[in-house]
Amino acid sequence: MIRGRYAIPAALLATVGIFGLMAFSPSAAQADSTTPTTVASAAGGYAYPTPTSTTPTTSPTSSAPSGYGTADITLPDSFIAPGQALFDASCASCHGADAAGTSRAPNLQGLGAGTVDFWVSTGRMPLAISSIQATVKPPRFDRLQTLQIAAFVQSKAPGTGMPIPIVNLSAANLEVGGSLFTLNCAACHTITGAGDALAGGAFAPSLHLATPTQIIEAIRSGPGDMPRFSEGNLTPTEAHDIAAYVHGVIQHPEDRGGFGLGGIGPVGEGFVGLLVGVGLLMLVCFWIGERT
Amino acid sequence: MIDSSLRWVDDRLGIAKGGRTFLDKIFPDHWSFMLGEIALYSFVVLLGTGVFLSLYYIPSAHEIVYHGGYLPLQGQKVSEAYASSVGLSFDVKSGLLMRQAHHWSADIFLGSIAVHMARVFFTGAFRKPREFNWIVGVTMLLLGIVNGFLGYSLPDDLVSGTGIRIAYSILESIPLAGSYLGTFLFGGNYPGNGIIIPRFYLLHILIVPALIVGLLAAHLGLLVKQKHTQFKGRGKTEHNVVGSPMFPTFMAKTTGFLFVTTAVTFILAGFAQINPIWQFGQYEPFQISYAVQPDWYMGWLDGALRIMPSWEFVGWGHTIPLEVLLPAVIFPGIIFNVFFAWPFIEARHTNDLAYHNLLDRPRDRPKRTGAGAMMLMLMFMVFGASSTDVLANFFQVPLNSVLWFFRIAVPLIPVITYFVTVKICEEMRGAEGIGKRKPPNVVHRSASGEFSTVPAEARPGDGHEELEAVPVPAFIDMVPADLATGPGIRRVMR
């Protein structure tokens, strides 16, 4: 048993090890993100694919049904009035009463309902604190209220900007999505979607809690430092393939092989290898060797 | 029966004499002498798991269509190297366990070499007559790092491919010879003709391990020839060795330790995921992921590259990329040359040309201990610099601030560490009775409430009776019974 003489190093190692594991566990890495239930309930109107096992995985040779990903949500005019009330209460102080922007916040006219939906449904808007980059929070508004606000902003410049896409991933192609993700997204969001720091205090957020609708809205609107991908860069079908890959593979990775150590690669692995591996073996040395 | 067979062999090969020396080899019992064994047994685990992996891994960049157990990859064109590595993780029974054990074992192998090297350094075990063995050890460290990098590159996944790309750029940064070296190794301009995978494979499983095995034999042979060092203590002199003989005591202990090392490696392999290459995808030279780091033992090189300002020399039609050359070629070159030359640097500095079989306590050599602490701190800081992005993201501070923190801290903090360590050593040496067992005190409280302290009476076991040094014959079976100094402990003359 652990006797007094090496109880202290043992306790130290155990503490450091446990904190190391906690620090690199996925839950800690996403502590500031919204809870999955909130985001999931806030975004409806599309079919969730289940993880990889049942998602239709067609090979590139078999032609996927074309034309998916082109439909958009049409917001009824009856949403505009309640949307205006919500906008006046929560947004107008910075964006101005008619969403034309002030010295404190940009003009929203012409950005489209999809852009508004992205910022509000991820909880980034209303801002909690003015910083370099807005952070994900539990959304302030429910799904209906979000759509009402989007309808109001849309009504200021009808027919312009990005509409809210109708997302149906059932026909999407995971393999195409995977290679498009690696080519277009991994350079900032990392190949595991864990996100990472960028220059100048900005960061690429984790993708692990984003809904497919939000992913497509982000691709099309380019929030913050993210580039905006037009339909010339990525067709509607390709955007849906990426969303399907993020949802089916990035968010539900095949995580065999034990604890995932946060998906941040060799930094976490090195800590575990040195503290747990070498540390444990050194304790064994200490145990079976002479200590004076 | 056994006796006569052994006699038959001995009559022809004369192995009894050498076997006697081996079985009677004395191992000091201090725990810090077992750190090198972690490396030795990790190497055994590496060889065993490596043989398993080589049965299934295909060292080829040839493109095939993937049809394996990992669904998102179905029907994609991947290299055979990548497909077989993913196959090891999904389709081969216990393949993933073996892959992860191999990788964890590599991390532990190099970690234990570092710890072992620190023990040898801080106790002065590298001094005359053991400079050779120090050089052999440093060479094995270098080869271990190289082989770790080669093995990390073999799966041909996105992350390791990025590492090969960096290695190529480092080669290219060497003035004059760089581009030729790169072309020579890769068989053309990067990424070559897919020839790098089989070449790395050959180096990884044959050439470098064979070199390590040879050096390992030299390392252990010198250890037997020169005998172990030992810590100072009553009965321990420059001219004897006190400890357990190879047979039976140490053999039992060390065999058990082999099993424990294997067990810890496989526990990690079973419970902690390492390098999930199927999540990274196939390497394509035009693709990149963010948050790419090498394994920890390469991290210090990566860190030096990251914090280097982008300096460049352009002139006479040539570009010398100092931002790569200095941190990735010159810096590790200096570090390893200091490692190799340290025994001679120190001997020159101290004019100490005597034989040393007794070890120093680190505090008794403040400058050496300070230098060692400085080097460890430098390595730790540069290693930290290899995760600037992870740190910035985790602590939610700007990446540039983290970068500038390391640019200042990497040169500064090791120097502070040196002076603080030297000071601590000097204070420890000057303190009265430090390191000695202190007699316990008994606190009395009188009826009127007054406290008083008196030293407690010595209890059995408080006073240590050290054994006197007695010269004994060199072979165990000649040791008189009255010289047995404790369970399994022997002392022999050098």
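An account of the accompanying structure is given in this report. (Residues numbered from 1 in each chain as written. Chains lettered and ligands numbered in written order. Predicted model: local features only at pLDDT ≥ 70, side-chain atom pairs only at ≥ 80, totals over all residues. Heavy atoms only, no water.)

Here's the deal with the overall build of chain A
Scanning chain A for helices and strands turns up 12 helices and two strands. N-terminal to C-terminal, the α/β element order of chain A is α-α-α-α-α-α-α-α-α-β-β-α-α-α. Across the 292 residues that make up chain A, the buried fraction comes to 47%. A separation of at least 24 residues holds for 69% of the contacts in chain A among residues at least 6 apart in sequence. Of the roughly 13,100 Å² of accessible surface on chain A, 63% is carried by carbon and sulfur atoms. (Helix = DSSP H or I, 4+ residues; strand = E, 2+ residues; numbered from the N terminus. Buried < 20%, exposed > 50% of the residue type's maximum accessible area, 1.4 Å probe, protein only. Contact = heavy atoms within 4.5 Å. Areas by Shrake-Rupley, 256 points an atom, 1.4 Å probe, with all protein chains shown as cover.)

Side note on the interface of chain A and chain B
On the chain B side, the residues contacting the 57 residues of chain A number 62 residues. Together, the buried faces of chain A and chain B total about 5,000 Å²; carbon and sulfur atoms form 68% of this surface. Between the two partners, chain A and chain B, sit zero salt bridges. Between the two partners, chain A and chain B, sit 19 residue pairs in polar contact (both at pLDDT 80 or more). Of all the secondary-structure elements, those providing two or more residues to the side of chain A that touches chain B are helix H8 (174-184), helix H9 (186-189), strand E1 (196-197) and helix H12 (266-288) of chain A. Broken down by class, the residue content of the side of chain A that touches chain B amounts to 30 nonpolar, 18 polar and nine charged. (Buried area = accessible area lost by both parts, 1.4 Å probe. Salt bridge = Lys/Arg side-chain N within 4 Å of Asp/Glu carboxyl O. Polar contact = N/O pair within 3.5 Å; in protein donor to acceptor, adjacent residues only side chain to side chain. Nonpolar A, V, L, I, M, F, W, Y, C, P; charged D, E, K, R; others polar.)

Structural notes on the environment of A:Ile288
If you trace the backbone, A:Ile288 turns up in helix H12. Look past the residues within four positions of A:Ile288 in its chain and what remains in contact with it is B:Met34, B:Lys253 and B:Phe257.

Thoughts on the side chain of B:Asp156
Residue and element names in this part refer to chain B. If you trace the backbone, Asp156 turns up in the loop between helix H6 (131-153) and helix H7 (158-172). Only 3.3 Å separates the side chain of Asp156 from the side chain of Gln282, close enough to count as a polar contact. Residues contacting Asp156, with those up to four places away along its chain left out, are Ser79, Ala81, Tyr82, Ile197, Gln282 and Tyr283.

Things to note about a nonpolar patch on the surface
Judged by side-chain polarity, B:Trp404, B:Ile408, B:Leu412, B:Ile416, B:Val420 and B:Ile424 come together as a nonpolar surface patch covering roughly 580 Å² of accessible area. For B:Ile408, the location among the structural elements is in helix H16 (residues 399-430). (Patch = residues over 30% accessible without salt bridge, like charges linked within 9 Å, V, L, I, M, F, W, Y side chains within 5 Å.)

Notes on helix H9 (residues 196-226) of chain B
Residues and elements named next belong to chain B. Between its first and last C-alpha, H9 extends 42 Å over 31 residues, near the 45 Å set by a 1.5 Å rise per residue. At Leu203, H9 shows its maximal kink, close to 40°. Within H9, the full set of buried residues consists of Ile196, Ile197, Phe200, Tyr201, His204, Val208, Pro209, Ile212, Leu216, His219 and Gln226. On its buried side, H9 packs onto helix H3 (35-56), helix H4 (80-90), helix H5 (95-122), H6, H7 and helix H8 (178-186). Positioned one or two residues after H9, Lys227 has a phi angle of 65°, which is positive. (Expected span 1.5 Å × (residues − 1). Bend = angle between axes of the 7 residues up to and from the residue.)

A look at the pairing of strand E4 (residues 240-245) of chain B
Residue and element names in this part refer to chain B. Across the six residues that make up E4, a large majority, six, are buried. Pairing analysis gives two bridges linking strand E1 (residues 26-27) to E4, with the strands arranged antiparallel. Residue pairing in the sheet places Ile26 in a bridge with Pro245 of E4. (Pairing = 2+ DSSP bridges.)

Re the pattern of salt bridges
Two side chains with opposite charge may pair up if their charged atoms get near one another. Residue and element names in this part refer to chain B. In this structure the tally under the stated criterion is 13 salt bridges over all chains. Notably, a salt bridge pairs Arg306 with Asp302, separated by 3.2 Å at the nearest N-O pair. You can see Arg306 and its partner Asp302 sitting in helix H12 (residues 296-307), four residues apart, about one turn around the helix. Of the charged contacts in the structure, one is a salt bridge between Lys423 and Glu427, with a shortest N-O distance of 3.4 Å. Of this pair, Lys423 and Glu427 both sit in helix H16, four residues apart, which is roughly one turn of the helix. Taking the relative accessible area as the measure of exposure, Lys423 reaches 47% and is therefore partly exposed. A network of salt bridges, in which partner residues are shared, links Arg127, Glu346, Asp360, Arg365 and Arg368.

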